[in-house]
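Listed here are the chains, written in short residue letters.
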Amino acid sequence: MGRYVLKRLAQAVGVLWAAYTVSFLVLDFLPGDPVTAMAGAGMDSGQVDPAQVEALRHEYGFDKPVLAQYADYLGRAVRGDFGDAVSTGRPVTATLGDALPQTLQLTVTALLLAVVLGGGLAVVATYTARRWLRQLLLSLPPLGVSVPTFWVGLLLVDAFSFRLHWFPAFGNDGPRGLVLPALTLAVPTGALVAQVLAKSLLTALDQAYVETARAKGAGRWRIHLRHALRNASLPALTVVGLLVGQLVAGSVVVETVFSRDGLGRVTAAAVTSQDIPVVQGVVVFGALIFVAANLLVDLVYPLLDPRIVVASGRRASTV
Amino acid sequence: MTDKREDGEGRHGRERGENGDDMTAPLLEIRRLSVSYRVRGETLQAVRGVDLDVWPGQVTAVVGESGSGKSTTAHAVTRLLAANGRIDAGTIRFGRHDLATLSEAELRTVRGARIGLVPQDPTVSLNPVKRIGEQVAEVLRIHGLATRRSAAVEAVAVLDRAGLPDAALTARQYPHELSGGMRQRALIAVAIAAKPQLIIADEPTSALDVTVQRVILDHLQSLTEELGTAILLVTHDLGVAADRAQRLVVMSGGEVVEAGGTRAVLTDPQHAYTRRLLAAAPSLTSVRHRTPVAAAAPVSAAPVSATPSSSAASAAFAEDVPLVEARHLVKEFRLPRSGGETRTLRAVDDVGLVLRRGRTLALVGESGSGKSTTARLVLGLARPTSGQVLFDGTDVTTAKGAQLRRLRRRAQIVYQNPYASLDPRFSIGDVISEPLRAFKVGDRASRLARVRDLLDRVALSAATLERRPAELSGGQRQRVAIARALALSPDLVVCDEPVSALDVSVQAQVLELLEELQRDTGVAYLFISHDLAVVRRIAHQVAVMRAGRVVETGPPEDLFATPRHAYTRELLAAIPGGRLTGAAASRR
């Protein structure tokens, strides 16, 4: 077990390094010059002082060869220093640190909503004996996956803020302000959870051990929740791990639509202004969250399925 | 091949009591039961007007081939039918209830508490993520027979009664940690936990080895005798039914064709179908078809094959060189590491075999005895850890590339499951001609001619050529698999349990076909089977394997008459059907 975790941690470091390197290369090849953009901020273009640009270039190390820049930045990144944001001059880590709590609130709430609503939908859809209701419920997940997030957000704002005045349409103030953005973010993610869970529930209900449970005299709820659900939750759990990445990405859209402060807004701003240090920080940070979430999922697996033994550095299924 | 074969004669069979018994009243009384399944908008009648009685404390066996409706009848009793199944008519009287019309909620108080079920396949019938003890305790909890704490204690006691050696340990284990036999005991524990009056056992041992089967059935029988529980035993194995049941119900095409006391039905079968079933049942005393083959056994006397094969021509002067010779074969597998030490499993342990041209060597043994691994080593599908395989005098142990490909051409295989071994998207013509195409034999026209010839040999019509595997029955598919194996006129065909997935009457036909093809083509078979009755019928030489070792070899006549090794005796004793052969003798 200990060895397994160590090996997975080493892999995680590898993933982070790869994420950093790829983002570095991509940003380096992008057309445009961040320093020009920065120096020209607030002024009409064409009126930039070349000497000033040169000074800034030197300050950020853009005048060195690419490889030297890479080594330089990587060395500092390892120590947790991603440099200063070009647009504000504040350290990147501080910028991200300030934005993090807002986004964490949003994504964690969205994830909980997605699991509860998506899971509930799957359980009810597969439990009901009414064919039309099942068909109706099972047609919702594909719909939820296919509609664009920003559009869902706008619909929700229109209905619940402008017409009903239940929740604020934008801003970061309190739990009430969290409802609509979290719901918006939860729609596509919850739809995926529902889709996968409903499918694996139907498969599980077809298994021979379900017949054994029926022969014991178990009621339908008992069979559904105690026998089928636990077996069916494994594929859904894998999906949840992958969805964490989607949630971070989705927060960019949702925070923009709802004008919320957070990582998503920071990312959107950094990308538009070509604030390379911030973008790199976001990429590495996103990779970190993703890797951590999936490691967690892999560690939870053996708790749910005793057949999975975590041994000698790899997960072996003994069936 | 198992469609309706009922004819007007004796539609409901006759009821005859054993020893003129006068039991008070049946425990279970099924009258005119009809069940249908809806499959893609069509209604399929699975059970038509079945009458069936189960008396208290007795074992009633329902026998029949696949598709006869026996399993559907058993499942209909507690209405555990698939979602598309429906009881159309009839009554199922159990005590004062009619189970056919009982509400779902009331039915749940009967299921598990008054009628237990022992399912068919123990490997998939336990919930993989729950501990065994929990799964047994659940029955008691559902029916309010125990509290959470007392249920756990009771579960251990029930597991102990079901014959699990260390019940306290088993209760804490998960299904995947138990063998098939132990899982079936756990399921028996589930069935008997609430002390039901009736246990429905649906092919309870057909997924298990023959020795395990005997122990399980013995145990089930003694348990029920102790508690006075009745058993409705569903089985395709007439031998099992004959040994265990007081009453026999024979089903075919969804109807009961004959019913009565076991002895009466076996010694004096009234219905043509029952007689056919009895005749097809392989048993230890029947050597009908084998004898002529044995007479034609010496290699030099083997008839020259109709399709000239290189082996037949060279056979005359290569008489002394066996076709296959294995020397000191060892195969070890590395097991997943546990606790830091590397363990290996010796699947094949110093095995030596000799197979001559035109002969059949049978490998028998239980699952895990290494018989399939041995066959894989002979075919070059796996590399031995040590030892040698000689094919036609040449060492092929380390053959690869072109040499291995030449070996493949001369050695083919027929698999156990004809439902899985044929590509569902290929037409039958494609399936059979694939080896020819793979080895670029002949042109299109000559290949087609060869396929037609092969179809003719395995007694399938030329119209089969265009059909797909799904349109054929199990027996027909296995014929296709045999035709494919013979396409390249190989010297050796490995038959890996070729008939164990087939109904008994189909089994007999396929075995006959294999014998006939051997006479005609001089092919040698390496025949893997757990079924000694089948082996006795087809083999010239038998090797009994256990735990990777060959414990005894010899011609079947000697081996079966005077087994030397204790394990061979155990295997022989475990074969069901003792009463069947007794009955057959008195029938003559």
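Residues numbered from 1 in each chain as written. Chains lettered and ligands numbered in written order. Predicted model: local features only at pLDDT ≥ 70, side-chain atom pairs only at ≥ 80, totals over all residues. Heavy atoms only, no water.

Quick look at the overall build of chain B
- Helix and strand counts for chain B come out as 22 helices and 20 strands.
- Burial statistics for chain B: of 588 residues in total, 55% are counted as buried.
- Within chain B, contacts between residues at least 6 apart in sequence are counted, and of these 71% link residues at least 24 apart.
- About 24700 Å² of surface is accessible on chain B, with carbon and sulfur atoms providing 50% of the total. (Helix = DSSP H or I, 4+ residues; strand = E, 2+ residues; numbered from the N terminus. Buried < 20%, exposed > 50% of the residue type's maximum accessible area, 1.4 Å probe, protein only. Contact = heavy atoms within 4.5 Å. Areas by Shrake-Rupley, 256 points an atom, 1.4 Å probe, with all protein chains shown as cover.)

Side note on the overall build of chain A
- Scanning chain A from N- to C-terminus turns up 12 helices and 2 strands.
- For chain A, the succession of helices and strands along the chain, N to C, is α-α-α-α-α-α-α-α-α-α-α-α-β-β.
- Counting every position in chain A, which comprises 319 residues, the buried fraction comes to 43%.
- Of the accessible surface of chain A, which amounts to about 16300 Å², a share of 68% is contributed by carbon and sulfur atoms.

Concerning the sheet that holds strand 2 (residues 42-54) of chain B
All names here are of chain B.
- On the basis of which strands lie adjacent, the open sheet formed by 4 strands has the order 2-1-4-5 and antiparallel pairing. Sheet topology places strand 2 and strand 5 (97-98) at the edges, where each strand pairs with a single neighbour.
- Where strand 1 (residues 28-39) lies against strand 4 (residues 85-94), 8 bridges are found, and the strand directions are antiparallel. Counted as the bridge partner of isoleucine 30 is isoleucine 92 from strand 4. (Pairing = 2+ DSSP bridges.)

Quick notes on unusual backbone geometry
- The backbone phi angle of B:Ala459 is positive, close to 60°, even though this residue is not glycine.
- Summarising the element assignment, B:Ala459 is placed in the loop between helix 16 (444-457) and helix 17 (474-486).

Some details on the interface of chain B and chain A
- With 28 residues of chain B in contact, the opposing surface of chain A contributes 23 residues.
- Buried area between chain B and chain A, summed over both chains or domains, comes out near 2300 Å², and the portion from carbon and sulfur atoms is 55%.
- Broken down residue by residue, the surface that chain B buries against chain A is led by B:Val129, B:Glu138 and B:His176, which jointly contribute 24%.
- Here chain B is connected to chain A by 2 salt bridges. (Buried area = accessible area lost by both parts, 1.4 Å probe. Salt bridge = Lys/Arg side-chain N within 4 Å of Asp/Glu carboxyl O.)

Here's the deal with the environment of B:Leu335
- Inspection of the secondary structure puts B:Leu335 in the loop between strand 11 (324-334) and strand 12 (344-355).
- Along the primary structure B:Leu335 and B:Leu81 are separated by 254 residues, whereas in three dimensions their C-alpha atoms are 41 Å apart.

A few points about the packing of helix 15 (residues 428-438) of chain B against helix 17 of chain B
All names here are of chain B.
- Remark: helix 15 packs on helix 17, axes separated minimally by 7 Å, with the N-to-C direction vectors making an angle of 30°. In terms of orientation, helix 15 lies roughly parallel with respect to helix 17. Crossing geometry of helix 15 relative to helix 17 is assigned as right-handed. Listed contacts from helix 17 to Ile428, Val431, Ile432 and Pro435 of helix 15 are Val480, Ala483 and Arg484.
- Taken together, the residues of the contact of helix 15 with helix 17 sort by class into 6 nonpolar, no polar and 1 charged. (Axes fitted to C-alpha atoms, helices over the stretch in contact; angles between N-to-C directions. Parallel < 35°, antiparallel > 145°, perpendicular 65-115°, else oblique. Left-handed = near helix turned anticlockwise from the far one by under 90°. Nonpolar A, V, L, I, M, F, W, Y, C, P; charged D, E, K, R; others polar.)

Focus on a nonpolar patch on the surface
Residues and elements named next belong to chain A.
- Together, Phe150, Trp151, Leu154, Leu155 and Val253 give the surface a local cluster of nonpolar side chains, amounting to about 460 Å² of exposed area.
- No other element matches helix 7 (residues 149-163), which puts 4 residues into the nonpolar patch.
- Examined against the element boundaries, tryptophan 151 turns out to sit in helix 7.
- For tryptophan 151, a relative accessible area of 42% puts it in the partly exposed group. (Patch = residues over 30% accessible without salt bridge, like charges linked within 9 Å, V, L, I, M, F, W, Y side chains within 5 Å.)

What to know about the sheet that holds strand 16 (residues 411-414) of chain B
Residues and elements named next belong to chain B.
- With respect to topology, 6 strands assemble into an open sheet ordered 16-17-18-13-19-20, the strand pairing being mixed. Since the sheet does not close on itself, it has two edges, and those belong to strand 16 and strand 20 (549-554), each with one partner. Strand-to-strand twist in this sheet, taken as the mean axis angle between neighbours without regard to direction, amounts to 20°.
- Sheet topology note: the strand 13 (residues 360-364)/strand 18 (residues 524-529) ladder contains 5 bridges and is parallel. Residue pairing in the sheet places leucine 363 in a bridge with isoleucine 528 of strand 18.
- Taken strand by strand, helix 21 (residues 566-574) contacts strand 19 (541-546) and strand 20, and its axis lies near 100° from that of strand 19.

A short note on the nonpolar core
Residue and element names in this part refer to chain B.
- Ranked by internal contacts, the top residues of the largest apolar core, which has 53 residues, are Val136 and Leu159.
- Broken down by element, the residue count for this core peaks at 7 residues, all from helix 6 (residues 180-192).
- Apart from the residues lying within four places of it in its own chain, the contact partners of valine 136 are Ala155, Val158, Leu159, Ala186, Ala189, Val190 and Ala193. (Core = buried A, V, L, I, M, F, W, Y, C linked by side-chain atoms within 4.5 Å.)

Things to note about helix 1 (residues 70-77) of chain B
All names here are of chain B.
- With 7 of 8 residues buried, helix 1 lies mostly within the body of the structure.
- All buried positions along helix 1 are accounted for by Lys70, Thr72, Thr73, Ala74, His75, Ala76 and Val77.
- Following helix 1 by one or two positions, arginine 79 has its phi on the positive side, about 55°.

Some points on the packing of aromatic side chains
All names here are of chain A.
- Within the structure shown, the criterion is met by 3 aromatic pairs over all chains.
- Considering the side-chain rings of tyrosine 127 and tryptophan 221, the 4.2 Å spacing of their centres and the 10° angle between planes classify their relative orientation as stacked. Placement of the pair is tyrosine 127 in helix 5 (residues 92-127) and tryptophan 221 in helix 10 (residues 220-257), with a sequence separation of 94 residues.
- Here tryptophan 221 falls in the partly exposed class, since its relative accessible area comes to 42%. (Phe/Tyr/Trp six-rings, centres within 6.5 Å; stacked < 30°, edge-to-face > 60°.)

Some thoughts on the pattern of salt bridges
Residues and elements named next belong to chain B.
- Counted under the stated rule, the structure contains 29 salt bridges over all chains.
- A salt bridge links aspartate 392 to arginine 357, with the shortest nitrogen-to-oxygen separation between them at 2.4 Å. With a gap of 35 residues between them, aspartate 392 in the loop between strand 14 (386-391) and strand 15 (394-395) and arginine 357 in the loop between strand 12 and strand 13 connect regions that are remote in the sequence.
- Given the relative accessible area of 21%, aspartate 392 is considered partly exposed.
- Using a relative accessible area of 7% as the deciding quantity, one classes arginine 357 as buried.
- Linking arginine 457 and aspartate 453 is a salt bridge whose minimum nitrogen-to-oxygen distance equals 3.7 Å. Here arginine 457 and its partner aspartate 453 are both found in helix 16, 4 residues apart, which amounts to about one turn of the helix.
- Accessibility expressed as a relative area gives 17% for arginine 457, which makes it buried.
- Given a relative accessible area of 27%, aspartate 453 falls into the partly exposed group.

Observations regarding the environment of B:Val124
- Along the polypeptide, B:Val124 turns up in the loop between strand 6 (115-118) and helix 3 (132-142).
- In this structure B:Val124 comes out as partly exposed when scored by relative accessible area, which is 39%.
- Taking C-alpha positions, B:Val124 is 27 Å from B:Asp243, a pair spaced 119 residues apart along the chain.
- Non-local contacts of B:Val124, meaning those with residues more than four positions away in its chain, are made with A:Ala208 and A:Tyr209.

With respect to a negative patch on the surface
- The grouping of B:Asp423, B:Asp430, B:Glu434 and B:Glu466 at the surface amounts to a negative patch.
- With a relative accessible area of 34%, B:Asp430 lands in the partly exposed category. (Lys, Arg positive; Asp, Glu negative; His and termini not counted. Charge placed at Lys NZ, Arg CZ, Asp CG, Glu CD.)

Re the confidence of the model for chain A
- When pLDDT is averaged along chain A, the result is 82, and 90% of the positions lie at 70 or above.
- Within chain A, helix 9 (residues 208-215) of chain A carries the highest mean pLDDT (93), whereas strand 2 (residues 314-317) of chain A carries the lowest (40). (pLDDT = per-residue confidence, 0-100.)

Section: helix 13 (residues 371-379) of chain B
Residue and element names in this part refer to chain B.
- Across the 9 residues that make up helix 13, a large majority, 7, are buried.
- Of the positions making up helix 13, those classed as buried are Lys371, Thr373, Thr374, Ala375, Leu377, Val378 and Leu379.
- The first or second residue beyond helix 13 is glycine 380, which carries a positive phi of 75°.

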